Amino acid sequence: MTPHKITMGHNGRLYVPDHPIVPFIEGDGIGPDVWRASKMVIDAAVAHVYGGKRQIVWQEILAGEKAFNQTGEWLPAATLDIARENLVSIKGPLTTPVGGGIRSLNVAMRQELDLYVCLRPVKWYKGVPSPVVAPENVNMVIFRENTEDIYAGIEFASGSEEAGKLLNFLTEQGVSKKVRFPESSAFGIKPVSKDGSERLVRAAIKYALKHKLPSVTIVHKGNIMKFTEGGFKIWAYELAEREFGDKVYTWGQWEKARKTQGEDAANARLKKEEALGKLIIKDVIADNFLQQILISPKDYSVVATLNLNGDYISDAAAASVGGIGIAPGANINYLTGHAVFEATHGTAPKFANTDTMNPSSLLLSGVMMLDYMGWNEAADCIEEALSTTIMRKRVTIDFYNLMHDATLLKTSEFAHEIIKNFA
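Residues numbered from 1 in each chain as written. Predicted model: local features only at pLDDT ≥ 70, side-chain atom pairs only at ≥ 80, totals over all residues. Heavy atoms only, no water.

Asker: Provide a residue-level description of the packing of aromatic side chains, including the pertinent values.
Answerer: Under the criterion given, the structure shown has eight aromatic pairs. With centroids separated by 6.3 Å and ring planes inclined at 85 degrees, the aromatic side chains of F24 and W58 adopt a geometry described as edge-to-face. With F24 in strand β3 (residues 21–25) and W58 in strand β4 (residues 57–60), the pair connects residues that are 34 residues apart, well separated along the chain. When its relative accessible area of 15% is taken as the criterion, W58 is described as buried. Between F143 and Y207, the aromatic rings sit 5.4 Å apart at their centres with planes inclined by 65 degrees, giving edge-to-face as the arrangement. Taken together, the residues span a long stretch of sequence, with F143 in strand β7 (residues 139–145) and Y207 in helix α6 (residues 194–210) at a distance of 64 residues. On the basis of relative accessible area, F143 is assigned to the buried category, the value being 0%. Overall, Y207 belongs to the partly exposed group, its relative accessible area being 21%. Put simply, the rings of F24, W35 and W58 pair up and form one aromatic cluster. Its end group placed over the ring of Y50, R54 keeps NZ or CZ at 4.6 Å from the ring centre. (Phe/Tyr/Trp six-rings, centres within 6.5 Å; stacked < 30°, edge-to-face > 60°. Helix = DSSP H or I, 4+ residues; strand = E, 2+ residues; numbered from the N terminus. Buried < 20%, exposed > 50% of the residue type's maximum accessible area, 1.4 Å probe, protein only. Lys NZ or Arg CZ within 6 Å of the ring centre and 35° of its normal.)

Asker: Explain a negative patch on the surface to me, and be specific about the residues and the numbers.
Answerer: On the surface, a cluster of negative charge is contributed by D371, E377, D380 and E384. It is helix α13 (residues 376–391) that provides the largest number of residues to the negative patch, a total of three residues. Summarising the element assignment, E384 is placed in helix α13. Residue classification places E384 among the partly exposed positions, given a relative accessible area of 49%. (Patch = residues over 30% accessible without salt bridge, like charges linked within 9 Å, V, L, I, M, F, W, Y side chains within 5 Å. Areas by Shrake-Rupley, 256 points an atom, 1.4 Å probe, with all protein chains shown as cover. Salt bridge = Lys/Arg side-chain N within 4 Å of Asp/Glu carboxyl O. Lys, Arg positive; Asp, Glu negative; His and termini not counted. Charge placed at Lys NZ, Arg CZ, Asp CG, Glu CD.)

Have a look at this one:
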């Protein structure tokens, strides 16, 4: 067996050999437990489906506490180099260093590799305990912009020289009176670019068209932040109409029809476009959207939004289908092919090395990784077996505490149970 790197062709397609090198970071806290279980299932599924023809060659790279203990660095340059060189990698949860330096290892990796899409699919698996009445109505994919907005980390502390300079600038611009307590204020800057917005929305629209989904919803707070969040909405509509032509129909076009032809005619046109299979591009104010995913989740399939909104929305949506313990995630650059698949939950150090936690978030992120690699059969095998295992109520402590007549399994036992349920 000779391992080879995953590469990106000039045609924008990912080329995956039969024995690809995939770097992994096991993670901190419960990371090693959930990683071992996830790796076991992924390897077993690949062997089961492809009969030994394909096999992932795992390469460990360091980040977090393990990296700091071994190298004195939280995120060694070698880790980023290997992830960059091999394109596709996967990671467990990482702790946030205390004190100065890196604010978040996760954010640092996204910024360094320019992983501009945070991809968060949210759907319910039958049998998973949920706080909502009809979790089966939730089935959406969230495209969260990953490199701009407040996650750019541009902040100035209260009383700092930089805050003073910024306040002076605001005074020169005649807007300092909008700062209620100027002398004690800290400041943050929210960059939102046309280029960054367009590449995020472009990826969301391409995904929706590829998977034949009915709509892309632009979620924003443009009613208050006119030039950042409002710009995001405007640029999204302009891009959709300019680059995707007769494949889409936007609410912007509906609004023009309403003004020129009346609301009834505009609504009739919208229904006609939907019947023709056009992808509908619409928008919703962020606070209203947080209501809508509870009240009317069926109305949303693909969501495109900025970084902070996406943070709130993805976790809130995940809660409706069982929580982030079963929510997968990925950070992707569709132009270069770079992708880091990750658990979306924290490190839970209290439960480290107890072999008790649910590995489903990291495992389902592995399913996303297999899909991204084009190994869809192995991905489907895992997802179906996981669903069967949960339906049979053989689960880890988080679900066990919420189910009636369930069987409690350790993390490793849960992994073996999933493998037993391969079709």
